[in-house]
Amino acid sequence: MADVPLLRCFVDGQWLETPHRFSNINPVNGQLVSMVCEADAATVQHAVAAANRASQDTWKHLNLNERAALLHRIADGIEQRFDEFVQAEVSDTGRPVHQARSLDVARGIANFRTFADLIKTGSSEMFEGIAPDGAKIINYITRKPLGTVGIISPWNLPLLLLTWKVAPALAMGNCVVAKPSEETPSSATLLAEVIQAAGLPHGVFNLVHGFGPNSAGEYLSSHPDIAAITFTGESRTGTTIMKAAAEGVKEVSFELGGKNAAVVFADADFEAAIAGVMRSSFTNSGQVCLCSERVYIERPLFKRFLEELKRRCEALVVSYPDAPNVDMGPLISLQHRDKVLSYYQLAREEGATIVAGGGVPRFGDERDQGAYVQPTILAGLPDSARCMREEIFGPVCHLSPFDTEEEVIARVNDSAYGLAACVWTTHLSRAHRVASQFETGIVWVNTWFTRDLRTPFGGTKLSGLGREGGRYSLDFYSEISTVCIKL
Ligand code: NAD
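Per chain, residues are indexed from 1 in the order of the written sequence. Reporting of local features is limited, given that this is a predicted model, to residues whose pLDDT is at least 70; pairs of side-chain atoms are given and counted only at 80 or more, and all residues count toward the totals for whole chains, interfaces and linings.

Novice: Could you clarify how one ought to interpret the overall build of the chain in this entry?
Specialist: Numbering of helices and strands runs from the N terminus; a helix is a DSSP stretch of H or I covering at least four residues, while a strand is a stretch of E covering at least two. What the chain contains, in helices and strands, is 15 helices and 23 strands. Overall, the C-alpha framework of the chain stretches about 70 × 70 × 40 Å when taken along its three principal axes. Each residue is classified by how many other C-beta atoms fall within 10 Å of its C-beta atom, where C-beta atoms are placed from the backbone; a count of 20 or more means buried, 12 or fewer means exposed, and values in between mean partly exposed. In the chain, buried positions account for 52% of the 487 residues. This entry defines residue contacts through backbone-placed C-beta atoms, with two residues in contact when those atoms are within 7 Å. In the chain, 72% of the contacts between residues at least 6 apart in sequence involve partners at least 24 apart.

Novice: Just checking my understanding: could you explain the site of the ligand for this structure?
Specialist: Around the ligand, a shell composed of 32 residues is seen, among which Pro154, Gly212, Gly217, Gly233 and Thr237 lie nearest. At the level of elements, α7 (216-221) and α8 (235-247) are the ones that each hand at least two residues to the shell around the ligand. Three residue categories are used. Nonpolar comprises Ala, Val, Leu, Ile, Met, Phe, Trp, Tyr, Cys and Pro, charged comprises Asp, Glu, Lys and Arg, and polar comprises the others, including Gly. When grouped by side-chain class, the residues that make up the shell around the ligand number 11 nonpolar, 15 polar and six charged. Note that the domain bounds were set by an automatic or database domain assignment. Domain assignment of the residues forming the shell around the ligand places at least three in each of domain 1 (6-256 + 463-486) and domain 2 (260-452). What makes a residue near a molecule or strand is its C-beta atom, placed from the backbone, lying within 6 Å of it.

Novice: Is there a simple way to think about the sheet that holds strand β19 (residues 420-424) in this case?
Specialist: Taking strand neighbours across the sheet as the criterion, the seven strands line up as β15-β16-β17-β14-β13-β19-β20 in an open arrangement whose pairing is mixed. Two strands lie at the open edges of the sheet, namely β15 (353-356) and β20 (442-445), each paired on one side alone. Neighbour-to-neighbour, the strand axes of this sheet turn through a mean angle of 25°, independent of strand direction. Should DSSP find at least two bridges between two strands, the strands are taken to pair. Bridge count for β19 against β20 is four bridges, and the pairing is parallel. Note on β20: the bridge partner recorded for Ala421 is Val443. Throughout, an axis means a line fitted to C-alpha atoms (over the contacting stretch in the case of helices), and angles, computed between N-to-C directions, take values from 0 to 180 degrees. Sitting on the sheet, helix α10 (residues 299-314) touches β13 (260-264), β14 (292-298), β15, β16 (376-379) and β17 (396-402), and the angle it makes with β14 is about 140°.

Novice: Which parts of the structure should I look at to understand the nonpolar core?
Specialist: If you look at soluble globular proteins, the nonpolar side chains tend to sit buried side by side. The term nonpolar core refers to a group of buried residues, namely Ala, Val, Leu, Ile, Met, Phe, Trp, Tyr and Cys, whose C-beta atoms join them within 7 Å. Membership of the largest hydrophobic core comes to 140 residues, with the highest contact counts inside it found for Leu71, Val176, Val263 and Val264. The leading source of residues in this core is helix α5 (residues 158-171), at 10 residues. Residue assignment places this core across two domains, with domain 1 (6-256 + 463-486) and domain 2 (260-452) each supplying three or more. Not counting the four nearest positions on each side in its chain, Val264 is found in contact with Ala273, Val277, Val295, Ile297, Glu298, Leu301, Phe305 and Trp424.

Novice: Before we go on, may I ask you to explain the sheet that holds strand β5 (residues 32-37) in this structure?
Specialist: Strand pairing within a sheet occurs via backbone hydrogen bonds; the two strands may be parallel or antiparallel. A sheet is described by the order of its strands in space; here three strands give the open sequence β1-β5-β4, paired in mixed fashion. Across the chains shown, the open sheet's two edge strands, defined by having one partner strand only, are β1 (6-7) and β4 (21-25). With five bridges joining them, β4 and β5 adopt antiparallel strand pairing. Of the residues in β5, the one forming a bridge with Arg21 is Cys37.

Novice: Honestly, the pairing of strand β12 (residues 251-255) in this entry has me stumped. Any pointers?
Specialist: Regular strands place their side chains on alternate faces of the sheet. By the criterion of burial, β12 is predominantly enclosed, with four of the five residues buried. Pairing geometry for strand β11 (residues 228-232) and β12, over five bridges, is parallel. In the strand pairing of β12, Ile229 is matched with Val252. On the question of chirality, the crossover connecting β11 to the parallel β12 by way of α8 is right-handed. For β12 and strand β22 (residues 464-465), the ladder comprises two bridges, and the chain directions are antiparallel. The partner of Phe254 across the bridge, within β22, is Leu465. For crossovers, right-handed means that the path from the first strand over the helix to the second runs clockwise, given strands pointing away from the viewer.

Novice: Any chance you could explain the domain arrangement of the chain here in plain terms?
Specialist: One frequent convention defines the size of an interface as the accessible area lost when the parts assemble. The domain boundaries assigned to the chain delineate domain 1 (6-256 + 463-486) and domain 2 (260-452). When residues of the side of domain 1 that touches domain 2 are traced back to their parent elements, those giving at least two are α3 (82-93) and α4 (97-121). In terms of residue class, the side of domain 1 that touches domain 2 is built from eight nonpolar, eight polar and two charged.

Novice: Even after reading the chapter, I still don't get helix α11 (residues 334-349), so can you show me in this structure?
Specialist: For an α-helix, the turn length of 3.6 residues means that residues three or four places apart are oriented alike. A helix is expected to span 1.5 Å for every residue after the first. Here α11 contains 16 residues, and its C-alpha end-to-end distance of 22 Å stays within 8% of the 22 Å for a straight helix at 1.5 Å per residue. Buried within α11 are the following residues: His336, Arg337, Val340, Tyr343, Tyr344 and Ala347. The arc that holds every buried residue of α11, seen down its axis, measures 120°, which confines them to one face. Of the residues in α11, the exposed ones pointing more than 90 degrees away from the buried face are Gln335, Asp338, Ser342, Gln345 and Glu349. Following α11 by one or two positions, Gly351 adopts a phi angle in the positive range, close to 95°. For this quantity, the arc is that covered by the directions from the helix axis to the C-beta atoms.

Novice: Honestly, the UniProt feature "domain: Aldehyde dehydrogenase" (unreviewed entry) in the chain in this entry has me stumped. Any pointers?
Specialist: Here, the residues flagged by UniProt with the feature "domain: Aldehyde dehydrogenase" (unreviewed entry) are residues 20-483. Along residues 20-483 the backbone is 41% helical and 21% strand, and the end-to-end C-alpha distance reaches 49 Å. UniProt positions are given in the numbering used here, feature names are shortened, and annotations may be inferred rather than shown by experiment.

Novice: I'm lost on the pairing of β17 in this one. Help?
Specialist: For β17, the buried fraction is high: six of the seven residues fall into the buried class. Relative to β17, β14 runs parallel, the two being bridged by five bridges. Its bridge partner lying in β17, Ile297 is registered against Pro401. By the bridge criterion, four bridges tie β16 to β17 in an arrangement that is parallel.

Novice: Just to check I follow, could you spell out the UniProt feature "active site" (unreviewed entry) in the chain for this structure?
Specialist: In this numbering, the UniProt entry assigns the feature "active site" (unreviewed entry) to Glu255. Its location among the elements puts Glu255 in strand β12. The contacts of Glu255, once residues within four sequence positions are left out, are Thr232, Gly458, Gly459 and Gly464.

Novice: Help me out: how do you make sense of unusual backbone geometry in this one?
Specialist: Among all residues except glycine, the phi angle is most often negative; among peptide bonds, the trans geometry is most common. Positive phi is not limited to glycine here, since Asp12 has a value of about 55°. Residue position: Asp12 is located in the loop between β2 (9-11) and β3 (14-16). Backbone geometry places Val249, a non-glycine residue, at a positive phi of 45°.

Novice: What should I look at first to understand the packing of helix α9 (residues 270-282) against α10 in this one?
Specialist: For any two helices packed against each other, one specifies the crossing angle of their axes together with the interaxial distance. Viewed as axis vectors pointing N to C, α9 and α10 meet at an angle of 50°, and their least axial separation amounts to 10 Å. Taken together, the axis directions place α9 and α10 in an arrangement best described as oblique. Here α9 and α10 pass one another in a crossing that is right-handed. Contacts between α9 and α10 involve Ile274, Val277 and Met278 from the first element and Phe305, Glu308, Leu309 and Arg312 from the second. When describing relative orientation, an angle under 35 degrees is termed roughly parallel and one over 145 degrees roughly antiparallel, while 65 to 115 degrees is termed roughly perpendicular and anything else oblique. Handedness of a helix crossing follows the sense of rotation of the near helix relative to the far helix, less than a right angle counterclockwise being left-handed and clockwise being right-handed.

Here is the structure:
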């Protein structure tokens, strides 16, 4: 076995080695990054018990200021080890270094700071009323910790998505058992080190590595002693976890897949729209739940838009994460590449025109063992094609012309998913009119991926259940109760 680091689970303040190990592979070249200790059922049980103990004994008794100070200390710890976090993200995912710096690790820090500050400024509702006998009553709303929250996260933005849930869960006084994706265990392990160094009491944060079915994910989501599950990942996995959660009537929050649309009106700022669609289709090799896989362009602009998008797509630099001017790295794994390539093939079978890409780049070096695909543009498919209805989760978009506002709204909404949509227009009232009719959790106008962490985030239909962000996170991660007082 190559001499690589061994990533361990972190349970009740201790680093645990388990007998089963799995490989963490660098998708740039197929080389081994680390070996990872897989948590078995007993390890998950140990983690849940430790979290429940810590919840009763210590964490929920800390006051708001103490918890907020510890969250800021975690953010400071990530900042101090910024380059290690960047390296962890890059070696697990192959993403460009500049993206890991500006997106993943920066947002990881922001998540802890935002929720630390939010709990200190949060307020509660109060209602005055009259009892049947005429006496005055007041009702006020309190939020208490839920207990232990199980967190299951995906590989596409590993630190960002994990901390998006860990930070508010801890902020509201819960303890956590977190299971990161088996594809991206490194930044989560670093986070556990930072949390340990920040001095959180033992058992408040626990990390279990492993897979989904018959592994840590299933053991955690079906554990009877967790109070809630928050999950980000595929819609199909969400269904399985929901069934497991139904047994104990646990609270669930799901951030799931998408088949997002971007709509470009002929009055759009052409340069902004082209740059925006390039970003929303190809960022992180298209492996962002918010990426646009369906692009609708008003007919008078269609040909010009297609030609310019093709030119820019073919000019994307697909390379090593630290290559000069790199735009795109590989996909997460060879297995995921097979899935994306199967959709490139299906698109051909469904009659698509391959406007750009459609295959695998050849480098003539170690990257040929990696999980690269070409960024790809398709056209000519009907909205009923599978490639237009199923989430591909790769660097691919399909361009379709449209003629009227009503038509495009109907086509965007004709989807089993409802996560995000983008509109590119300079027509103010059209922007409002169209945005209000999309059946998605978020609509961006003349921008993409811009997030204010105080706003609700989540999807409709197959894209999720519930909302997180700002006070919506504070609500999900707490037991809300009412105190009614007769004066
Ligand atoms: P996935 O569902 O395969 O895995 C996500 C996590 O769930 C992993 O940790 C995995 O080990 C675990 N898991 C898998 N099966 C499980 C089971 N039966 N029980 C318990 N845990 C299980 O998703 P992925 O491939 O890691 O991530 C990509 C998906 O995530 C895409 O569909 C993407 O759209 C979605 N996503 C959504 C959002 C959002 O905010 N809506 C954000 C990022 C990614």
